[in-house]
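# Chains, contacts and geometry: an overview
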Amino acid sequence: MARSGEHMTMTAAFAEGIVHNFVGGRFVEPDTTSLFDNVDPATGHVAARVHEADAALVARAVQAARDALGGSWSRWTTNDRTALLRRAADRIEERFEEFVAAEVRDTGKPVTHARDVDVARAITNLRAFADIVGAAGQESFLTELPDGRRALNYAVRKPLGVVAVVVPWNLPLLLLTWKVAPALACGNAVVVKPSEETPSTAALLAEVLREVGLPDGVYNVVHGFGRDSAGEFLTGHPGIDGVTFTGSTATGAHVMRTVAARVRPVSFELGGKNAAVVFADADLGATLDGLTRSIFSNTGQVCLCTERVYVQRPIFDDVVNGLAARAEALALGDPLSETTTTGPLISQAHRDKVLAYFGLAEEAGARTVVGGGVPAMGPALDGGSWIEPTIWVGLDQRDRVMREEVFGPVAGLIPFDSEEEAIALANDTEYGLASSVWTSDLTRGHRVAQAMRVGMSWVNTWYLRDLRSPFGGMGLSGIGREGGEASLHFYTEPTNVCVQL
Ligand SMILES: NC(=O)c1ccc[n+]([C@@H]2O[C@H](COP(=O)([O-])OP(=O)(O)OC[C@H]3O[C@@H](n4cnc5c(N)ncnc54)[C@H](O)[C@@H]3O)[C@@H](O)[C@H]2O)c1
Ligand SMILES: O=C/C=C/C=C(\O)C(=O)O
């Protein structure tokens, strides 16, 4: 163990069963030794310990990033940086199962989801932003004034600088690379604060980036919590040039207050209370399959998940019964089994929060069509934070369960009659992240999707992603967009040069 003031350096992310911080190109221990448990949500067992970064180590990480910006990294070309992203993607592919195992251990999610969504999308993120940033031009204009003067205006995009990257626990590596890939492609240096629940793949990514030649200090990882811990030490550090944050709306508001005094740019992907609108002419089977994915994927722990379903009255009972049957068919079980479809919630604390909403639904007079409790999982898994996928009817639009983000495998269904009524119900929220519309009439599909006050509106599908499109939310769901050019604009500062000709 390092003596105080001396930082022991290790070779790997998980040396001695501890998940380490990564600063200046090395895995290091903080001065003050403070370890917290990394719990496997499927079993409730402590899977590893994690070194909590103290304020001094966070400051070292910010300084290491600052130093890297002034070092060789500033001389890398866009081609050099995008080539590195592609090498990193290839290396993750080589270490694919290691990343899958780490993600499953941290989250309890089924191995199939970790493979097909989390790690696969991380590789895609790296390659997509290598393409997007590699192909991006610069804005320029030939100016011709009425008095005959002419000029050339062109914008030169430079890195934002040292970017604080604070990410949540639901799609750890996917959301981390969604930010780090464009940030690095644009020449920034980053200090990452992964969720305290899911430290592992951020540390593994550090190994990969070092292996593929990223200069020391360009990518740093500090572990810990939010307030009075690494998260706040990082976002509150004067050396930060911008913050990209994904997490709850409440935390986003706190981060905004933290950086407000220094007027630092923020990119916020926050919570949601997403609605699906199902018209009577929808393809019932395909719609039920799509709705099931949108409600229960990742045990409902995706910001884009549907928690409100509005169904045109003639097919209301068919949708209720169809969803209930699909919910009952979900396979809760060992995350490492190929047949498991649904894992636990991330923690006992989060399960308590979701169970509190079960109580609120009951108090509001909801009828629980399926679920509503804690499943018996047997001796190996009963210690995990498991919960039953749940469908409610009989709720009112004003009930808290229909207004507040539960972030679990739940949905409340309410019937509607007219298109206007459906749009009003779906838009009756302070959030504005995502929606889906299910109808065979595509003219209506376009019309209703455009009428939704959300960042992403799907028609007859859900979570189909083009990484070039703007991603994000309005209202309580966030500030700004990431994806495609939107990421380029956040992770760079343009200087417009005007030359009289
Ligand atoms: N819009 C999106 O793309 C998106 C994606 C995933 C999750 N989310 C949202 O995230 C929430 C679930 O994730 P969560 O529980 O990890 O969110 P959270 O807000 O509790 O934590 C997110 C991250 O912020 C850190 N943090 C907490 N308080 C902080 C503070 N005061 N200063 C700095 N950092 C702080 C946490 O340690 C964690 O790393 C849900 O609301 C979900 O909707 C949104
Ligand atoms: O939980 C929220 C999921 C966010 C997903 C993305 O940011 C994405 O698909 O790019």
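Residues numbered from 1 in each chain as written. Chains lettered and ligands numbered in written order. Predicted model: local features only at pLDDT ≥ 70, side-chain atom pairs only at ≥ 80, totals over all residues. Heavy atoms only, no water.

Per an unreviewed UniProt entry, the protein chain goes by Aldehyde dehydrogenase and derives from Nonomuraea antimicrobica. What UniProt records for the protein chain under Sequence similarities (unreviewed entry) is the sentence "Belongs to the aldehyde dehydrogenase family." (UniProt positions renumbered as here; feature names shortened; annotations may be inferred.)

Across the sheet, three strands lie side by side as E2-E6-E5; this open sheet has mixed pairing. Strands at the two margins of the open sheet, each flanked by one partner only, are strand E2 (18-19) and strand E5 (35-39). For E5 and strand E6 (residues 46-51), the ladder comprises five bridges, and the chain directions are antiparallel. The residue bridging Val-39 from the neighbouring strand is Val-46, located in E6. Packed on one face of the sheet, helix H3 (residues 96-107) meets E2, E5 and E6 and runs near 100° to E5. (Pairing = 2+ DSSP bridges. Helix = DSSP H or I, 4+ residues; strand = E, 2+ residues; numbered from the N terminus. Contact = heavy atoms within 4.5 Å. Axes fitted to C-alpha atoms, helices over the stretch in contact; angles between N-to-C directions.)

Moving on to the packing of aromatic side chains. How two aromatic rings sit relative to each other is given by the distance of their centres and the angle of their planes. Overall, the coordinates contain 13 aromatic pairs when judged by the stated rule. Ring centres of Phe-36 and Phe-225 lie 4.7 Å apart, and the angle between their planes is 55°; on these two criteria the pair is classed as tilted. Pair noted here: Phe-36 is in strand E5 and Phe-225 is in the loop between strand E11 (219-221) and helix H7 (230-235), with a separation of 189 residues, a long-range link. Judged by relative accessible area, Phe-225 falls into the partly exposed class, the value being 31%. (Phe/Tyr/Trp six-rings, centres within 6.5 Å; stacked < 30°, edge-to-face > 60°. Buried < 20%, exposed > 50% of the residue type's maximum accessible area, 1.4 Å probe, protein only.)

Once that is clear, we can look at the site of ligand 2. Close contacts around ligand 2 come from Arg-121, Asn-170, Leu-171, Leu-175, Trp-178, Val-302, Cys-303, Tyr-463, Arg-465 and Phe-471, and that covers them all. Note that an oxygen atom of ligand 2 is positioned 2.7 Å from one of the side-chain N or O atoms of Asn-170. Within the backbone of Cys-303, one N or O atom sits 2.7 Å away from an oxygen atom of ligand 2. Relative to its unbound accessible area of 310 Å², ligand 2 is 98% covered by the protein chains. Residue composition of the shell around ligand 2, grouped by class: seven nonpolar, one polar and two charged. (Near = heavy atom within 4 Å. Polar contact = N/O pair within 3.5 Å; in protein donor to acceptor, adjacent residues only side chain to side chain. Areas by Shrake-Rupley, 256 points an atom, 1.4 Å probe, with all protein chains shown as cover. Nonpolar A, V, L, I, M, F, W, Y, C, P; charged D, E, K, R; others polar.)

To continue, consider the side chain of Asn-220. Along the chain, Asn-220 falls in strand E11. Here Gly-24 takes part through its backbone nitrogen, which lies 2.9 Å from a polar atom of the side chain of Asn-220. A distance of 2.8 Å separates a polar atom in the side chain of Asn-220 from the backbone oxygen of Gly-217. If near-sequence neighbours (up to four positions away) are discounted, Asn-220 is found in contact with Phe-22, Val-23, Gly-24, Ala-61, Ala-64, Ala-65, Val-190, Val-191 and Val-192.

By nearness alone, 31 residues border ligand 1, and Trp-169, Lys-193, Glu-196, Leu-270 and Glu-405 come closest of all. One of the side-chain nitrogen or oxygen atoms of Trp-169 is found 2.8 Å away from an oxygen atom of ligand 1. One nitrogen or oxygen atom from the side chain of Glu-196 is found 2.6 Å from an oxygen atom belonging to ligand 1. Of all elements in the fold, only H7, strand E12 (242-246) and helix H8 (249-260) reach the threshold of two or more residues within the shell around ligand 1. The residue inventory of the shell around ligand 1, partitioned by class, reads 14 nonpolar, 11 polar and six charged.

Opposite charge on two side chains lets them pair, provided their charged atoms get close. Taken as a whole and judged by the stated rule, the model has 29 salt bridges. We note a salt bridge from Glu-94 to Arg-91, for which the minimum N-O separation is 2.7 Å. Note that Glu-94 and Arg-91 are positioned in helix H2 (residues 78-94) at a spacing of three residues, about one turn of the helix. For Asp-428, the salt bridge identified is with Arg-403, shortest N-O distance 3.0 Å. Remark: Arg-403 occurs in the loop between strand E17 (390-393) and strand E18 (410-416) and Asp-428 occurs in the loop between helix H12 (419-427) and strand E19 (434-438); sequence separation between them is 25 residues. The partly exposed category is assigned to Asp-428, whose relative accessible area is 31%. The exposure class assigned to Arg-403 is partly exposed, which follows from its relative accessible area of 29%. The network of salt bridges with shared partners includes Arg-91, Glu-94, Arg-95, Glu-98, Glu-207 and Glu-211. (Salt bridge = Lys/Arg side-chain N within 4 Å of Asp/Glu carboxyl O.)

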